[in-house]
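# Working through the structure, step by step
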Amino acid sequence: FSQGVMLYGDFTWGKGMNYVDPSGGTPYPFDYARDYAPSGQNATLTSSVSFVAQLPFGPGKRFASGVTGASRHLIAGWTFNGILKLNTGYPYSVTTSADNLNTPYITQRADRIGNGKLSNPTADRWFDPTAFVTPAVNPATGVAAFGNSGRNILTGPGFSNLDLSLSKVVRLTEKFNVDFRVDAI
């Protein structure tokens, strides 16, 4: 603590690549290089900041240092804490609900006919669905293609979370304390 405040922060800029995500296999078992892409758990930018601040009220503090009796116990000893977590979105693949391949355990990717990215995405429309179509079945053979879109080609929305806490420890005896806490998540 310095002046009753402690601050901690970290920042990571990275890129995790793999051939297969832990959540599923590859639809191309004979061509793994086709699936080399950002990992489904890859958040390119990640940052967190946390702090603990002893509030400056009560004996020996900046405000109300001369207070005594029950008032002293009421206003002294409060701590304000917080954690802020920020990270970019995670990559994902565009798939189709059709199973033209007749492979129930392999997810079929869509054919990509456009970019798929929107300049101003919203929660209701994060990517351009008109840029993807279900792979066609060859009428002559009755066989469908795997789909030409790559694995994890788009990135989902970023994430932010702020947790705050206000707490006070009241010492009852040498061995026993009571902790009052209000958390906002």
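Computed from a predicted structure; not experimentally measured.

Rules of the game
- Residues numbered from 1 in each chain as written.
- Predicted model: local features only at pLDDT ≥ 70, side-chain atom pairs only at ≥ 80, totals over all residues.
- Heavy atoms only, no water.
- Pairing = 2+ DSSP bridges.
- Helix = DSSP H or I, 4+ residues; strand = E, 2+ residues; numbered from the N terminus.
- Axes fitted to C-alpha atoms, helices over the stretch in contact; angles between N-to-C directions.
- Buried < 20%, exposed > 50% of the residue type's maximum accessible area, 1.4 Å probe, protein only.
- Contact = heavy atoms within 4.5 Å.
- Core = buried A, V, L, I, M, F, W, Y, C linked by side-chain atoms within 4.5 Å.

## As for the sheet that holds strand S1 (residues 5-13)
The five strands lie next to each other as S1-S4-S5-S10-S11, forming an open sheet whose pairing is antiparallel. Looking along the sheet, the strands with just one partner apiece sit at the ends: S1 and strand S11 (177-184). On average, adjacent strands in this sheet sit at an angle of 10° to one another, irrespective of strand direction. One ladder, built from ten bridges, connects strand S5 (residues 78-87) with strand S10 (residues 159-171); its direction is antiparallel. Within S10, the residue paired with Leu 84 across the bridge is Leu 162.

## As for unusual backbone geometry
Phi is positive for Asn 152, which is not a glycine, with a value near 55°. Accessibility expressed as a relative area gives 8% for Asn 152, which makes it buried.

## What about the side chain of Ser 167?
Here Ser 167 is to be found in strand S10. Those residues in contact with Ser 167 that sit more than four places away from it in its chain are Gly 77, Trp 78, Thr 79, Asn 81, Asp 179, Phe 180 and Arg 181.

## Looking at the nonpolar core
As a rule of thumb, soluble globular proteins bury nonpolar side chains together. Counting residues in hydrophobic clusters, the biggest one holds five residues: Val 94, Ala 110, Ala 131, Phe 132 and Leu 154. In this view, Val 94 contacts Arg 109, Ala 110, Phe 127, Phe 132, Ser 149 and Leu 154; residues no more than four positions away in its chain are not counted.

## Considering the pairing of S5
Here nine bridges tie strand S4 (residues 45-54) to S5, and the two strands are oriented antiparallel to one another. From the neighbouring strand, Ser 47 faces S5, where its bridge partner is Leu 86.

## Brief notes about the environment of Val 94
Structurally, the position occupied by Val 94 is in the loop between strand S6 (91-92) and strand S7 (111-112). Judged by relative accessible area, which is 7%, Val 94 ranks as buried. C-alpha of Val 94 to C-alpha of Gly 4: the two residues are 90 residues apart in sequence and 50 Å apart in space.

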